[in-house]
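Spelled out, the chains give:
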Amino acid sequence: MTNGNNARRVAFMALAMVVMSGCHVQPQQSQQPSEPITKEQSHMRTAVPLVRRLDPNETGTIELEFDVPALEEDSAPAIFIGVRVKGADSTKAWDVADRLIDNGISVEVHLYQVQGADTVPVVLERIQRIDRDKTEFLALPASGLVSGLSITTADFSTMQQAGLIATDFEYKELKFAILREAPVGRYRVTIRFVQNAEVLIEENAELLIAYIAKGK
């Protein structure tokens with residue numbers, strides 16, 4: 001493992017606290033544990049959080065509708081659109097995440113809120129680091145182009161309750177874009193991979209839309 005990747009991981013741990021504090025997040029509701037669901041069922045979920053396998057034969061635009069359900073004490077939670085990878089342990093999962101970051105995968109991503117027969121464009125953002133302890137949120141351009149993935153952290157409890165976490169793997173999440181406030185409702189996302197999408201297939205990455213982990 002290179003010193004550069006080690007430095008990246010240390011920087012992420014420091015940055016994560018800054019980023020989470022900048023998102024509109026509030027205490028999460030207390031929820032009862034749900035029964036584990038099968039892998040087939042998990043890939044049929046249509047509410048956040050959700051995962052989807054990436055089909056190597058699907059080269060066009062991915063279009064997906066999903067719901068943001070109500071969370072107790074948080075009517076507009078922060079969500080992200082990205083991918084997740086896994087490994088037998090944390091080091092292996094980090095290694096896969098590093099390879100995705102280093103390969104400069106880029107996409108065009110657009111989000112819309114579904115209101116009856118109409119769809120309303122929603123402005124997505126990316127996070128840019130200014131220095132070690134400071135970040136800023138930048139709106140995506142009209143094209144929706146995002147160049148590169150960056151590490152993030154999905155909210156563990158909602159992922160676990162949705163049956164999306166296997167205990168024999170470690171996961172790492174990476175984001176293309178975020179929505180700091182996602183009001184309850186129906187959404188549609190379109191994603192077109194522009195560059196190096198084949199690396200995602202090689203590393204068995206899954207498309208992921210999830211709540212951003214909440215700061216303490």
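Fair warning: this is a prediction, and the values are worked out from it, not measured in the lab. (Residues numbered from 1 in each chain as written. Predicted model: local features only at pLDDT ≥ 70, side-chain atom pairs only at ≥ 80, totals over all residues. Heavy atoms only, no water.)

1. Focus: the packing of aromatic side chains
Worth spelling out the cut-off: A pair of Phe, Tyr and Trp rings is counted when the ring centres sit within 6.5 Å of each other, with Trp represented by its six-membered ring. The angle between the planes then sorts it: under 30 degrees is stacked, over 60 is edge-to-face, the rest tilted. Labels follow the DSSP assignment, with helices taken as runs of H or I lasting at least four residues and strands as runs of E lasting at least two, numbered in each case from the N terminus.
Applying the stated criterion to the full structure yields 2 aromatic pairs. On the basis of an interplanar angle of 15° and a centroid distance of 5.8 Å, the ring pair of Phe-66 and Tyr-187 is categorised as stacked. Here Phe-66, found in strand E2 (residues 62-68), pairs with Tyr-187, found in strand E11 (residues 185-195); they are 121 residues apart in sequence, far enough to count as distant. Centre to centre, the rings of Phe-176 and Phe-193 are 6.5 Å apart; their planes meet at 65°, and the pair counts as edge-to-face.

2. Some remarks on the side chain of Thr-190
As a reminder of what qualifies: Buried residues are those whose accessible area, probed at 1.4 Å on protein chains only, stays under 20% of the maximum for their type, while exposed residues exceed 50% and partly exposed ones sit between those limits. Contacts between residues were defined by any pair of non-hydrogen atoms, one from each residue, lying within 4.5 Å.
Residue position: Thr-190 is located in strand E11. Thr-190 gets classed as buried once you look at its relative accessible area, which sits at 13%. Discounting chain neighbours no more than four positions away, the residues touching Thr-190 are Thr-61, Ile-62, Glu-63, Glu-108, Val-109, His-110 and Tyr-112.

3. Here we look at the confidence of the model for the chain
This is how it is decided: Scored between 0 and 100, pLDDT is the confidence that the predictor attaches to each residue.
Overall, the prediction assigns the chain a mean pLDDT of 85, with 80% of residues at 70 or greater. Across residues 10-21, confidence stays below pLDDT 50; counting only partners more than four residues off in sequence or on other chains, it has 17 contacts. pLDDT under 50 marks residues 24-40. Its contacts with residues more than four places away, or in other chains, come to 34 contacts.

4. Side note on the environment of Tyr-171
Put simply, the test is: Nitrogen and oxygen atoms within 3.5 Å of one another constitute a polar contact, given that in protein one can donate a hydrogen and the other can accept it, and given that sequence-neighbouring residues count only through two side-chain atoms.
Mapped onto the elements of the fold, Tyr-171 is located in strand E10 (residues 170-179). Residue Tyr-171 is classed as buried on the basis of its relative accessible area of 14%. Excluding residues that lie within four positions of it along the chain, Tyr-171 makes contacts with Arg-84, Val-85, Lys-86, Leu-164, Ile-165 and Ala-166. A polar contact is formed between the side chain of Tyr-171 and the backbone nitrogen of Ala-166, at a distance of 3.0 Å.

5. Structural notes on the side chain of Asp-74
Quick note on the threshold: Counting rule applied: Lys, Arg positive; Asp, Glu negative; His and chain ends not counted. Any carboxyl oxygen of Asp or Glu within 4 Å of a side-chain nitrogen of Lys or Arg constitutes a salt bridge here.
Examined against the element boundaries, Asp-74 turns out to sit in the loop between E2 and strand E3 (79-87). Although Asp-74 lies buried, it forms no salt bridge, and the closest oppositely charged side chain, Lys-214, sits 4.3 Å away as judged by the N-O distance. In this structure the side chain of Asp-74 is engaged in a polar contact, spanning 3.4 Å, whose partner is the backbone nitrogen of Ala-76.

6. Section: the pairing of E11
Let me state the cut-off plainly: Pairing between strands is defined by DSSP: at least two bridges between them are needed.
As paired strands, E2 and E11 are joined by 7 bridges and run antiparallel to one another. Residue pairing for E11: Asp-67 is matched across the bridge by Arg-186. Pairing of strand E4 (residues 106-115) with E11, which is carried by 9 bridges, proceeds in the antiparallel orientation. Paired with Leu-111 across the strands is Val-189, a residue of E11.

7. Some remarks on the pattern of salt bridges
Under the definition given, this model contains 9 salt bridges. Of the charged contacts in the structure, one is a salt bridge between Lys-92 and Asp-89, with a shortest N-O distance of 3.5 Å. Overall, Asp-89 belongs to the partly exposed group, its relative accessible area being 31%. Arg-99 is the partner of Glu-203 in a salt bridge, and the nearest nitrogen-oxygen pair spans 2.8 Å. With Glu-203 in the loop between helix H5 (197-202) and strand E12 (206-211) and Arg-99 in helix H3 (residues 90-102), this residue pair connects regions lying 104 residues apart in the sequence. The class for Arg-99 is partly exposed, based on a relative accessible area of 38%. A single network of salt bridges, built from pairs that share partners, joins Glu-63, Glu-65, Asp-67, Arg-186 and Arg-188.

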